[in-house]
Amino acid sequence: MVSAESALKAITLDLKKYLMKPATRKREVRLSELKEYFSNPEAADKILSSGRDPTIYEYYEFAVEEAAGHLSLGLTTIYPGKVGKEYFMTRGHFHLKPAAEFYYGIRGRGVLLIQSEDGRTEYVELKPGVIGYVPPGWGHRTINTGRGRFIFFFAYPSDAGHDYGIVKEKGFAKMIVDERGKPKVIDNPRYASST
Ligand code: PA5
Ligand code: MN
């Protein structure tokens, strides 16, 4: 955590190296950590048993203060790739408080998948210059549907909190898969069987 005063100095996004400075947190998530979030864990095992453990996504985050009224700002990169037919994606979560969030596409192609508490889903196709909005109370996950890195800027209230439990248990109602080289939104069988 840093003081609000330091946030008054410039926060920079390097659009060549895709770095954000300053950042209070940098996190890298590899396949071994995310394996059970994919619909085909056997496909994940096959990649892992070949000796590879690819980075699925990483992010820089600058939380000014985790207190009401402040914002957390960040930059997420999702690498291109698939586990079986499912594209590389973030873990996904709900906020503990009814806090909104927005994403601003910087590079590549992807999808913001959002889901209400009662299981209704919507999605926004993100590309450079497009903003995706997560309403308060909606769960959210981002998916790289392109061939290169998918990079976006995000902002949300610092005291929102993260709940990863529901997503870990049953995933989202929809998933995005590669169907003959194109992204397709389909029902997630694991979600349907758990409700
Ligand atoms: O708050 C957000 O939605 C983003 O900052 C995400 O945390 C980031 O993209 C990583 O996703 P996740 O927190 O689901 O691992
Ligand atoms: Mn969030």
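Preceding this paragraph is the structure being described.
It should be emphasised that the depicted structure is a prediction, and the values quoted were computed from it without experimental measurement. (Residues numbered from 1 in each chain as written. Chains lettered and ligands numbered in written order. Predicted model: local features only at pLDDT ≥ 70, side-chain atom pairs only at ≥ 80, totals over all residues.)

Let's shift gears to the overall build of the protein. Scanning the protein from terminus to terminus reveals five helices and 17 strands. The C-alpha radius of gyration computed for the protein amounts to 17 Å, which stays within 12% of the reference 16 Å derived for 195 residues, consistent with globular compactness. Considering only C-alpha atoms, the protein reaches an extent of 50 × 35 × 30 Å along its principal axes. Within the protein, the fraction of its 195 residues that count as buried is 32%. At a minimum sequence separation of 6, the contacts of the protein that also span at least 24 residues come to 71%. (Helix = DSSP H or I, 4+ residues; strand = E, 2+ residues; numbered from the N terminus. Rg over C-alpha atoms; globule rule 2.2 N^0.38 Å. Buried ≥ 20, exposed ≤ 12 C-beta atoms within 10 Å, placed from the backbone. Contact = placed C-beta atoms within 7 Å.)

Looking now at the site of ligand 1. By nearness alone, every residue bordering ligand 1 is listed as Tyr59, Gly74, Thr76, Thr90, Arg91, Gly92, His93, Glu101, His140, Phe154, Tyr156 and His162. Among the elements of the structure, β5 (71-78) and β14 (150-157) are those that each provide at least two residues to the shell around ligand 1. When the residues that make up the shell around ligand 1 are grouped by side-chain class, the tally is three nonpolar, seven polar and two charged. (Near = placed C-beta within 6 Å. Nonpolar A, V, L, I, M, F, W, Y, C, P; charged D, E, K, R; others polar.)

Pairing is antiparallel in the open sheet, where three strands are placed in the order β11-β10-β13. Either end of the sheet is taken by a strand with one partner, and the two such strands are β11 (121-126) and β13 (139-144). Strand-to-strand twist in this sheet, taken as the mean axis angle between neighbours without regard to direction, amounts to 20°. Judged from the six bridges that link them, strand β10 (residues 110-115) and β11 form a sheet pairing that is antiparallel. By the bridge assignment, glutamine 115 is partnered in β11 with threonine 121. (Pairing = 2+ DSSP bridges. Axes fitted to C-alpha atoms, helices over the stretch in contact; angles between N-to-C directions.)

Let us look at the pairing of strand β12 (residues 131-134). What you see with β12 is a clean split: Gly132 and Val134 sit on the buried side and Ile131 and Tyr133 on the side with no burial. Pairing of strand β9 (residues 101-107) with β12 involves four bridges; the strand directions are antiparallel. Paired with phenylalanine 102 across the bridge in β12 is tyrosine 133.

Now for unusual backbone geometry. In this structure, the amide linkage connecting lysine 21 to the following residue, proline 22, adopts the cis form with an omega of -5°. In this fold, proline 22 is placed in the loop between β2 (19-21) and β3 (25-30). With a phi angle near 55°, tyrosine 18 is a residue other than glycine that sits in the positive phi range. Looking at the element boundaries, tyrosine 18 is found in the loop between β1 (12-14) and β2. A tally of 16 C-beta atoms within 10 Å means that tyrosine 18 is categorised as partly exposed. Its identity as a non-glycine residue notwithstanding, arginine 180 has a phi of 50°, on the positive side. Summarising the element assignment, arginine 180 is placed in the loop between β16 (174-179) and β17 (182-187).

Fair warning: the whole summary comes from geometry, so function is off the table for now.
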